Number of protein chains: 2
Amino acid sequence: MAEVEYSKGLEGVVAGESVICQIDGQNGKLFYRGYNIDDLVKKSTYEETVYLLLFEQLPTAAELAEFTGNFRSGRHIVTPIQDMIRNFPPGGDPMELLQSVMSYLSGYVEHKIKHSATCNCRQTLHQVAQLATVIAAYQRFKEGKPYVVPRQDLSHGANFLYMLRGEEPLPYEAAIMDKCLVLHAEHGFNTSTFTARVVASSLSTCYSSISAAIGALRGPLHGGANEQVMDMLKEIGAVDNVDSWLDKTLAEKKKIMGMGHREYKVKDPRSYVMEGFLRELSEKKGDSRYLSILTKLEKSFRSRMDEKGKPLYPNVDYFSGSVYALLGIPQYLFSPIFALARCAGWLAHILEQRKDNRLFRPECLYTGPQPREYTALEKR
Amino acid sequence: MAEVEYSKGLEGVVAGESVICQIDGQNGKLFYRGYNIDDLVKKSTYEETVYLLLFEQLPTAAELAEFTGNFRSGRHIVTPIQDMIRNFPPGGDPMELLQSVMSYLSGYVEHKIKHSATCNCRQTLHQVAQLATVIAAYQRFKEGKPYVVPRQDLSHGANFLYMLRGEEPLPYEAAIMDKCLVLHAEHGFNTSTFTARVVASSLSTCYSSISAAIGALRGPLHGGANEQVMDMLKEIGAVDNVDSWLDKTLAEKKKIMGMGHREYKVKDPRSYVMEGFLRELSEKKGDSRYLSILTKLEKSFRSRMDEKGKPLYPNVDYFSGSVYALLGIPQYLFSPIFALARCAGWLAHILEQRKDNRLFRPECLYTGPQPREYTALEKR
């Protein structure tokens, strides 16, 4: 076939530089613009983290107040968007609905220059603010319930749960939801973020670029890992089945979901945080069915892997699904919530791409048929 | 900044191999699966070309009949899609509407395996078939006119003009429209096709992947060149102004739109075909205002460039806008028509990507701030 060597999937190929996110895979640390994710989860909020990602530094109190005001006042979605959500075929995938709504929303914004990159997305922030509302409305309509008007006095995490449920969440639930969004807001180059940058490189709008990124996240090789963990939990069923299930699964050479991460040689730093949330929720809700299976499975799996000299540790997806489930969120909303959180990171990358842009246009190696004669239909 | 060398925009980096399209830039030739584009334009149809792109070979009469039947019967768009189009804000960009509708359409198809790549898109072909209807409906609603139900007895080009106008086009108009679609159906890797492949590499659906590709084509660095040529024609105004306009524009070191193509060292083979269509239309409609300016401008520009030893030739976009304009198509539909034609190529690349897939996940070079302390809000 090909005589030219190339790297499939661009593995190991540097496609750009970025000042947004540092992943220290050796030590299991993650930083947004130099700030450790542990600090941000403990001390910051999703809205402040979005500001940090988009404006490159932590806001002053006045800046945060102005930003939060803009952000929260942009959460409502108009009737035609509500109709789009209501009319979406019940069998359709909510990720493709989000992808669709995102580019549609572009029509409601006056882009400063026609066909240009200079839309005022850092001011309006509709992409990030409204995505939460779209997801909540999707769920409400699915349950045959009315649209819940977003509240401006609530954090992004609190308001999301409020819109989903139609009633205010408990403070600890709201805090955990908000921190889950912080934890997923950004993670360097990956297929969806790369997609956002490729589309942005044509100087398309941020709506169009984020919509495309949602499309990439929709694929099972990128998003959806925490849903697969939940399927695994259901299959295991009870903590007493863990060892027999694990032996069988390993004997069949099947993958244990939520274990290992390309970027981290040690345990994914986000998994510690998420495990803490799961402990807190399990205790407060008096429901440790997920926690007990996951804890036992991690221990059993680790000891078997250590014997083989294959260190494999839980990643963020190992625990996140159970956290969402204990917050009463249905499994098919896990990927949409990932998109909701990551939307901030995508936007930061789109803005960064435009600062020093070059159209992404790699080469393709042609290995197909040589020129041939066209045969008329009647002679085929 | 960076110590590591990398190629911005992945210029010159091979990102994959393909057996779909061969571009012979030295000799100015273009082949779809080995067939010269000149032959396809003269002897094939858009529907047969779509078959060729998707099924890798020319169809027999029976295969073409079955394919065409499926294709034409899938053209109609349901009421919720019509409503989406009708409700789209008048100031919005039709490309973002197409992007939105494309992923929304996914909800109407039963994908064979949940979250899988194995959707039956080669059978249903809604992506390609319905895009024409979406564009026509957009224009009809914009004019306050009703939806035109697609006709199954018309070629794709003829049916598109029929739906736009509400009446059947003349045979030569229909033929030219259909051949324009053949001419734009595929062109190797480029930003939108690369986007489609990146999204498809996560095993997202073809709807999701094509939607993302439309987003990339929406950007002015990728799509929209023929619209810029039309703006240039309006600016020049009359054939007598060509030389003075050209001198002024070159003195200001501004770009002449529609000239030069990254891939072709000689004249873009598609431009000869498109110029022929423009001659035919100009003659039959007795309107040579575009042709006369373009012919004069090409001659004057070429002689000035030849003096400088800079060979620059017209590309397909140099003539295509004028062809569409003489077919009565408004300028803002030029990019949507590009998407409509190219949709077939995108789908062929998506199917090819899935055959031997590896997730696209390049590396990113971090050049941002080193780890720093989080400062509490009140201390900022």
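Keep in mind it's a predicted model, so treat the numbers as computed, not measured. (Residues numbered from 1 in each chain as written. Chains lettered and ligands numbered in written order. Predicted model: local features only at pLDDT ≥ 70, side-chain atom pairs only at ≥ 80, totals over all residues. Heavy atoms only, no water.)

Peer 1: Describe the overall build of chain A, listing the residues and the values that go with them.
Peer 2: Tallying secondary structure elements over chain A gives 17 helices and five strands in all. Relative to the 2.2 N^0.38 estimate, which gives 21 Å for 380 residues, the radius of gyration of chain A is 22 Å and therefore close to what a compact globule would have. Overall size of chain A, expressed as C-alpha extent along the three principal axes, is 65 × 55 × 45 Å. Out of the 380 residues in chain A, the part that is buried amounts to 62%. (Helix = DSSP H or I, 4+ residues; strand = E, 2+ residues; numbered from the N terminus. Rg over C-alpha atoms; globule rule 2.2 N^0.38 Å. Buried < 20%, exposed > 50% of the residue type's maximum accessible area, 1.4 Å probe, protein only.)

Peer 1: Could you give me a rundown of the domain arrangement of chain A, with the residues and numbers involved?
Peer 2: Frequently, the measure chosen for interface size is the accessible area that the parts lose on association. Residue and element names in this part refer to chain A. Once the domains are mapped, chain A shows domain 1 (18–218 + 331–355) and domain 2 (225–326). Taken residue by residue, the interface counts 26 residues in domain 1 and 27 residues in domain 2. For the pair domain 1 and domain 2, the summed buried surface comes to about 2200 Å²; carbon and sulfur atoms form 65% of the total. When the buried surface of domain 1 facing domain 2 is broken down by residue, Tyr172, Gln331 and Phe334 rank first, second and third, together holding 28% of it. (Domains from an automatic or database assignment. Contact = heavy atoms within 4.5 Å. Buried area = accessible area lost by both parts, 1.4 Å probe.)

Peer 1: Quick rundown of the side chain of Gln130 of chain B? Include the residues and the values.
Peer 2: All names here are of chain B. Mapped onto the secondary structure, Gln130 falls in helix H7 (residues 126–142). For Gln130, a relative accessible area of 7% gives the class buried. Among the polar contacts listed, one links the side chain of Gln130 to the backbone oxygen of Gly74, at a separation of 3.1 Å. Every residue in contact with Gln130, bar those within four places of it in the chain, is listed here: Gly74, Arg75, His76, Ile77 and Leu105. (Polar contact = N/O pair within 3.5 Å; in protein donor to acceptor, adjacent residues only side chain to side chain.)

Peer 1: I'd like a description of the pattern of salt bridges, backed by residues and values.
Peer 2: All names here are of chain B. All told, the structure shown has 58 salt bridges over all chains when counted by the stated rule. A salt bridge links Arg86 to Asp83; the shortest N-O distance between them is 3.2 Å. Remark: Asp83 and Arg86 occur in helix H4 (residues 79–87); sequence separation between them is three residues, near one turn of the helix. Given a relative accessible area of 45%, Arg86 falls into the partly exposed group. Residue Arg218 is joined to Asp93 by a salt bridge in which the shortest nitrogen-to-oxygen separation is 3.4 Å. (Salt bridge = Lys/Arg side-chain N within 4 Å of Asp/Glu carboxyl O.)

Peer 1: Describe in detail the packing of aromatic side chains, supporting the description with residues and values.
Peer 2: Inspection of every chain in the model, using the stated rule, returns 25 aromatic pairs over all chains. When the ring of Phe189 of chain A is compared with that of Phe194 of chain A, the centres are 6.4 Å apart and the planes differ by 35°; the resulting orientation is tilted. Residue classification places Phe189 of chain A among the buried residues on the basis of a relative accessible area of 5%. Among the residues examined, Phe194 of chain A registers a relative accessible area of 0% and is labelled buried. Relative to Phe360 of chain A, the ring of Phe194 of chain A lies with its centre 5.5 Å away and its plane at 80°, an arrangement referred to as edge-to-face. Taken together, the residues span a long stretch of sequence, with Phe194 of chain A in helix H10 (residues 191–200) and Phe360 of chain A in the loop between helix H17 (334–355) and strand E5 (363–366) at a distance of 166 residues. The pair Phe194 of chain A / Phe360 of chain A is uniform in exposure class, with both members buried. Ring pairing ties together the aromatic residues Phe189, Phe194 and Phe360 of chain A together with Phe189, Phe194 and Phe360 of chain B, which thus form one cluster. Here the guanidinium or amino end of Arg86 of chain A rests over the ring plane of Phe141 of chain A, the centre of that ring lying 4.1 Å away. The ring of Tyr162 of chain B carries Arg151 of chain B above its face, with NZ or CZ at 5.0 Å from the centroid. (Phe/Tyr/Trp six-rings, centres within 6.5 Å; stacked < 30°, edge-to-face > 60°. Lys NZ or Arg CZ within 6 Å of the ring centre and 35° of its normal.)

Peer 1: Which residues make up the relation of the copies chain B and chain A, and what are the values?
Peer 2: Once turned by 180° and shifted 0.0 Å along the axis, chain B lies on chain A with an RMSD of 0.0 Å. As the rotation angle and translation indicate, the two copies are arranged about a two-fold axis. (Least-squares fit on C-alpha atoms with pLDDT ≥ 70 in both.)

Peer 1: An account of helix H12 (residues 225–236) of chain A is needed here, citing residue identities and associated values.
Peer 2: Residues and elements named next belong to chain A. For H12, with twelve residues, the first-to-last C-alpha span of 17 Å sits near the 16 Å given by 1.5 Å per residue. Within H12, burial applies to Ala225, Asn226, Glu227, Val229, Met230, Met232, Leu233 and Ile236. Check the buried side of H12 and you find it contacts helix H13 (242–251), helix H15 (289–308), helix H16 (316–326) and H17. Directly after H12, the chain includes Gly237, whose backbone phi takes a positive value near 85°. (Expected span 1.5 Å × (residues − 1).)

Peer 1: Help me get a handle on empty space enclosed by the protein, residues and values and all.
Peer 2: Residue and element names in this part refer to chain B. This structure, assessed with the given rule, holds one cavity of 30 Å³ or more. Roughly 30 Å³ of internal volume is contained in the largest cavity. What lines the largest cavity is Pro94, Leu97, Leu98, Val134, Ile135, Tyr138, Leu333 and Pro336. Of all the elements in the fold, those that place two or more residues in the lining of the largest cavity are helix H5 (94–105) and H7. Among the residues making up the lining of the largest cavity, the classes are represented as eight nonpolar, no polar and no charged. (1 Å grid on protein atoms, 1.4 Å probe; cavity = no way out; pocket = protein on both sides within 12 Å on 5 of 7 lines; lining within 4 Å. Points joined across faces, edges and corners; volume = space filled by probe spheres on them. Nonpolar A, V, L, I, M, F, W, Y, C, P; charged D, E, K, R; others polar.)

Peer 1: So what's going on with the side chain of Gln353 of chain B? Which residues, and what values?
Peer 2: Among the structural elements, Gln353 of chain B can be located in helix H17 (residues 334–355). Excluding residues within four positions of it along the chain, Gln353 of chain B makes contact with Arg197, Ala200, Ser201, Arg358 and Phe360 of chain B.

Peer 1: Describe in detail the environment of Asn226 of chain B, supporting the description with residues and values.
Peer 2: All names here are of chain B. If you trace the backbone, Asn226 turns up in helix H12 (residues 225–236). Spatially, the C-alpha atoms of Asn226 and Leu365 are 36 Å apart, while their sequence positions differ by 139 residues. Discounting chain neighbours no more than four positions away, the residues touching Asn226 are Asp317, Ser320, Gly321, Tyr324 and Phe334. Polar contacts involving the side chain of Asn226 include one to the side chain of Ser320, which spans 3.1 Å.

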